[in-house]
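# Structural description and commentary
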Amino acid sequence: MNLSKYLQAQGWGSRKQCQWLIRNGLVSVNGHVLDNEHAEIDPTAVHSLQRDGEPLVVIPYPYYYLLLNKPAGYETSHKPRDYPSVFSLLPDHLRARQPQAVGRLDADTTGVLLITNDGAFNHRLTSPKHKVPKHYRATLKHPADENLCATLRQGVLLHDENETIAAAAASLPQPTILLLTLTEGKYHQVKRMVAAAGNRVAALHRLRFGDWDCGQLAEGEWCFIDQPA
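The name an unreviewed UniProt entry assigns to the protein chain is Pseudouridine synthase, from the organism Neisseria shayeganii 871. Taken directly from UniProt, the Catalytic activity (unreviewed entry) text for the protein chain runs: "uridine(516) in 16S rRNA = pseudouridine(516) in 16S rRNA". According to the UniProt record, the Function (unreviewed entry) comment for the protein chain is "Responsible for synthesis of pseudouridine from uracil-516 in 16S ribosomal RNA."

Put into structure tokens, the structure is as follows:
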């Protein structure tokens, strides 16, 4: 792949901007300065990049998949209204690669958020027909018992919905801690389902999305994840 095209794909700027960086000896690939804009490289063999001596994260090509441990106080939007964008937690050049969240988390919700530029992957994980499980821990406003879990498993009718929606699993390890598994991704679904069952969500954390959890990531940290099969 042409070096200038590759750098453009890394979010370093326009083709002309990337060519200028190369011509001026400001690009290092795998520890070697490359000043030939027509140089051919293998994108899969690039493990380190520097721009004017500054190391930059190497973005997998052509598709990338990353996992973010979302903190509270960030909107899952490129055009936030009341809080900073969750994408502001990513490097500038990665944001230039038009990342898209796989579903959304509310500003006050924390936990697993997947981000990618692979539209097919995004659709596969968010389409209701694939029933990808999403696991949540909800802190309830009022203590509850097994009746709440049974109601959620049986299904509740949400406002503006024509059919009841049921949780795949629901349990209460503590009276105010609800563990909930859903296979759909409707707007404010956890909060709306709990409200329909007669309680309120005081705090919400997504523990797992499909095969992924936050592992050792601190809030606000992210990492690339392997390309799914």
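Now, onward.
### Concerning the sheet that holds strand β2 (residues 32–33)
Pairing within the open sheet is antiparallel, and its four strands lie in the order β2-β1-β3-β4. Pairing within the sheet leaves two strands with one partner each, and these edge strands are β2 and β4 (54–56). As judged from the three bridges shared by strand β3 (residues 49–51) and β4, these two strands associate in the antiparallel manner. Paired with Leu 49 across the two strands is Leu 56, which belongs to β4.

### Section: helix α6 (residues 189–196)
Of the residues making up α6, those classed as buried are Gln 189, Val 190, Met 193 and Val 194. Taken end-on, α6 shows its buried residues confined to a sector of 125°, consistent with a single buried face. The elements touched by buried residues of α6 are β8 (134–140), α5 (146–154), β10 (177–182) and β11 (201–209). Two residues or fewer after α6 comes Gly 198, characterised by a positive phi angle close to 100°.

### Notes on the domain arrangement of the protein chain
Domain parsing of the protein chain yields domain 1 (3–56), domain 2 (65–127 + 212–225) and domain 3 (134–209). Between domain 1 and domain 2, the C-alpha centre-to-centre distance is 26 Å.

### Looking at the UniProt feature "domain: Pseudouridine synthase RsuA/RluA-like" (unreviewed entry) in the protein chain
Taking the numbering used here, the UniProt-annotated feature "domain: Pseudouridine synthase RsuA/RluA-like" (unreviewed entry) corresponds to residues 64–196. End-to-end, the C-alpha atoms of residues 64–196 are 38 Å apart, and along that stretch the chain is 22% helix and 26% strand.

Conventions and cut-offs
- Residues numbered from 1 in each chain as written.
- Predicted model: local features only at pLDDT ≥ 70, side-chain atom pairs only at ≥ 80, totals over all residues.
- Heavy atoms only, no water.
- UniProt positions renumbered as here; feature names shortened; annotations may be inferred.
- Pairing = 2+ DSSP bridges.
- Helix = DSSP H or I, 4+ residues; strand = E, 2+ residues; numbered from the N terminus.
- Buried < 20%, exposed > 50% of the residue type's maximum accessible area, 1.4 Å probe, protein only.
- Arc of directions from axis to C-beta.
- Contact = heavy atoms within 4.5 Å.
- Domains from an automatic or database assignment.

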